[in-house]
Structure formats: C-alpha cells, structure tokens
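So you can see what is in the structure, the chains are spelled out below.
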Amino acid sequence: MTDFHAALRSLRVWDTELPSFDPADAPAAPLALFHDWFTEAVAAGQTEPHTLSLATVDEDGRPDVRTVMLHDADARGWHFASHATSAKGHQLAARPEAAIGFYWPDRGRQVRVRGHVTTGTPEEAYEDLHARTTGALAAALVGRQSEVLDSPGTLAAASEAAWHRAETEPDAAAPTWTLYVLDPVEVEFFQGDARRRHLRLRYRRTPDGWTRELLWP
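Now for a description of the structure that goes with this document.

Thresholds, definitions, all that
Counting restarts for each chain, with residues numbered from 1 along the sequence as it is written. Per-residue local features are limited, in this predicted model, to residues with pLDDT of at least 70; the limit for side-chain atom pairs, both in listing and counting, is 80 or more; totals at the level of whole chains, interfaces and linings are taken over all residues. Side-chain figures throughout are based on the complete set of non-hydrogen atoms in the structure, without hydrogens or water. Strands are runs of DSSP state E lasting at least two residues, helices are runs of H or I lasting at least four, and both sets are numbered from the N terminus onward. Only protein chains enter the calculation, and the probe is 1.4 Å; a residue is then buried if its accessible area is under 20% of its type maximum, exposed if over 50%, and partly exposed in between. The contact definition used throughout considers only heavy atoms, calling two residues in contact when any of these lie within 4.5 Å. The arc in question is formed by the directions pointing from the helix axis toward the C-beta atoms. Strands are treated as partners if at least two bridges between them are detected by DSSP. A pairing counts as a salt bridge when a side-chain nitrogen of Lys or Arg comes within 4 Å of a carboxyl oxygen of Asp or Glu. The distinction between a cavity and a pocket rests on a 1 Å grid over the protein atoms alone: a 1.4 Å probe fits inside a cavity but cannot get out, while a pocket stays open yet meets protein on both sides within 12 Å along at least five of seven lines, and a residue with an atom within 4 Å of a point counts as lining. Grid points are joined across faces, edges and corners, and a volume is the space filled by probe spheres set on the points. Residue type decides the class: Asp, Glu, Lys and Arg count as charged, Ala, Val, Leu, Ile, Met, Phe, Trp, Tyr, Cys and Pro as nonpolar, and the leftover types, Gly among them, as polar. To count toward a patch, a residue needs a relative accessible area above 30% and no salt bridge. Like charges then connect within 9 Å, nonpolar side chains (Val, Leu, Ile, Met, Phe, Trp, Tyr) within 5 Å. Every accessible area reported is derived by Shrake-Rupley at a probe size of 1.4 Å, with residue values counting cover from the shown protein chains alone.

Check the secondary structure of the protein chain and you find six helices and nine strands. Counting only C-alpha atoms and orienting by the principal axes, one finds that the protein chain spans roughly 55 × 55 × 40 Å. In the protein chain, which comprises 217 residues, the share counted as buried stands at 35%. Contacts in the protein chain between residues at least 24 apart in sequence constitute 65% of all its contacts with a sequence separation of at least 6.

Next up, the structure:
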C-alpha cells in the first residue's frame, strides 16, 4: 500500500462525543440556527469556522469550487467578497446562482446553502474591504486574481508595492472589489453521529415562507 493510501485508511471520523441536535427545536427560519451553530463552532475552538466552499458554474456549464471567507450572514443572505474580474466574478456575472458549504468537524456539522447571488453597492464593497486587515487591503490592491502569472518574482514585486500603498494609503480603493450576497432558497443543516445516524434538516423557501423537512442520511 502506498503512503497515500496508508494515510487515507488510517483516518477516523468523529471518534469523539458530538453535540446533540433535536430538529423539533429548530427555529422557523434558518438564519437564527446558522448563527447559533456558528457561534458554537467558534466557542468549541473550530479552526477558521468562517471559511466556506463556494461553488459556481462557468460558461460551459462546468462546476467550479474554491474556499473563501464569510463576511456576514443577515436577513439579506450570506455575504462574501472578491474581485469582479476574478473567475468567480465572471461566473457570477453570467449566471448569478451559487452554493456554499461550511464544515465544522469539531462539531460534526455541515451547513449547505443554495440561492441567487446579487452584488452590494460600491459603498458597501469599500466598507467591507476597509473593515479588514492591512494584508487584505494589500491583496485587493494587487488585483489580477485568476490571471496567468509569469513568475513568483512578479507577484512578490506587485505584493511589495501593494503592501506599501496599503500602509501609506489605508483609505485606498480597489475598484473591482465586490461584495456578493447569496439569498438562500435552500439551507441544510447536517449533524453528524458516530454511529452514522446523521440528522439532516433542510429548509426550503416557498411563497408562504420556510418549509422544514428531514432527509435520510
């Protein structure tokens, strides 16, 4: 057996006590439950609980996925940000539908969200960027996300210049930086179980509000 397969077969999942979850106690709408699960993941010491997988579709109908950061979750939806000129930016402009997924292994929990994506205002994008770190501003000022790079040296030079500008001009704007908001039509909460009796609660939006239903694992 190769080292890869030996390592793969050695892994165990949820060999620990996991939290209980009673779907009957879940709120009528998904946002409050997401807030609860998120804050519980933070309290449990989950590493980077605000990271999420973002799936979009390209012009040929091929799915694409990457990891980004959650910037907010409110009555409008789940917020994330990127350059409008990036691959995900182009894909969302052509087909503004997406799915996001959170995985918090310390709690044995996943949250999946699907829906329509809209963009925030330029003012919201500016505020979002400048609420973050100097490094985040520097990265945004570098720009050119997803473009072909000729060498690491070119990136190092652009990054050095962007860091200098971010430190000397903390109010600098990154014109292509865009705030995106995913307005959900489906939200699923998955609670893992050591005996594989996983609980899945799905919320579906209807004209009358949210419908809740359990799914077989």
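Still more ground to cover, so stick around.
With that settled, the discussion passes to helix 3 (residues 87–94). Think of an α-helix as turning once every 3.6 residues; residues three or four places apart then point the same way. Residues Lys 88, Gly 89, Gln 91 and Leu 92 constitute the buried set of helix 3. Buried residues of helix 3 fall within an arc of 165 degrees about the axis and therefore sit on the same side. Structural note: helix 3 exposes His 90, Ala 93 and Ala 94 on the side pointing more than 90 degrees away from its buried face. Looking at the buried residues of helix 3, the elements they touch are strand 1 (51–57), strand 2 (63–69), strand 4 (77–83), strand 5 (97–104), strand 6 (109–119) and strand 7 (177–191).

This part is about the pairing of strand 5. Taking every second residue as pointing to the same face, the buried face of strand 5 carries Ala 98, Ile 100, Phe 102 and Trp 104, while none of Glu 97, Ala 99, Gly 101 and Tyr 103 on the other face is buried. Relative to strand 6, strand 5 runs antiparallel, the two sharing eight bridges. Following the sheet pairing, Ile 100 is matched in strand 6 by Val 113. Hairpin connection of strand 5 to strand 6: four residues between the antiparallel strands, including Gly 108 at a positive phi of 65 degrees.

Following the criterion strictly, the structure yields 15 salt bridges and no others. Across the pair Glu 213 and Arg 202 runs a salt bridge whose closest N-O atoms are separated by 2.8 Å. Residue Glu 213 is found in strand 9 (residues 209–215), and its partner Arg 202 is found in strand 8 (residues 199–206); the two are separated by eleven residues along the sequence. When its relative accessible area of 21% is taken as the criterion, Glu 213 is described as partly exposed. A relative accessible area of 22% places Arg 202 in the partly exposed class. Shared partners join several salt bridges into a network, and the residues in it are Glu 40, Arg 107 and Arg 109.

Before going further, it helps to examine the layout of surface pockets. Empty space within the largest pocket amounts to approximately 580 Å³. Lining the largest pocket are 27 residues, with Ala 139, Val 142, Gly 143, Arg 144 and Gln 145 positioned closest to its centre. Put simply, the parts of the chain that give the lining of the largest pocket at least two residues each are strand 2, strand 4, helix 5 (134–142) and helix 6 (152–168). Partitioned by chemical class, the residues of the lining of the largest pocket number 14 nonpolar, eight polar and five charged.

Here Thr 178 lies in strand 7. Of the residues examined, Thr 178 reaches a relative accessible area of 11% and is grouped as buried. Setting aside anything within four residues of it in sequence, one finds Thr 178 in contact with Phe 80, Ala 81, Ser 82, Ala 84, Thr 119 and Ala 125.

On the surface, a cluster of nonpolar side chains totalling about 320 Å² of accessible area is made up of Phe 4, Leu 8 and Leu 11. Tracing the chain through its elements places Leu 11 in the loop between helix 1 (3–10) and helix 2 (30–43).

The phi angle at Ser 146 is positive, at roughly 80 degrees, despite the residue not being glycine. Structurally, Ser 146 is set in the loop between helix 5 and helix 6. Positive phi, normally seen in glycine, also occurs at Arg 196, with a value near 65 degrees. Turning to its location among the elements, Arg 196 is positioned in the loop between strand 7 and strand 8.

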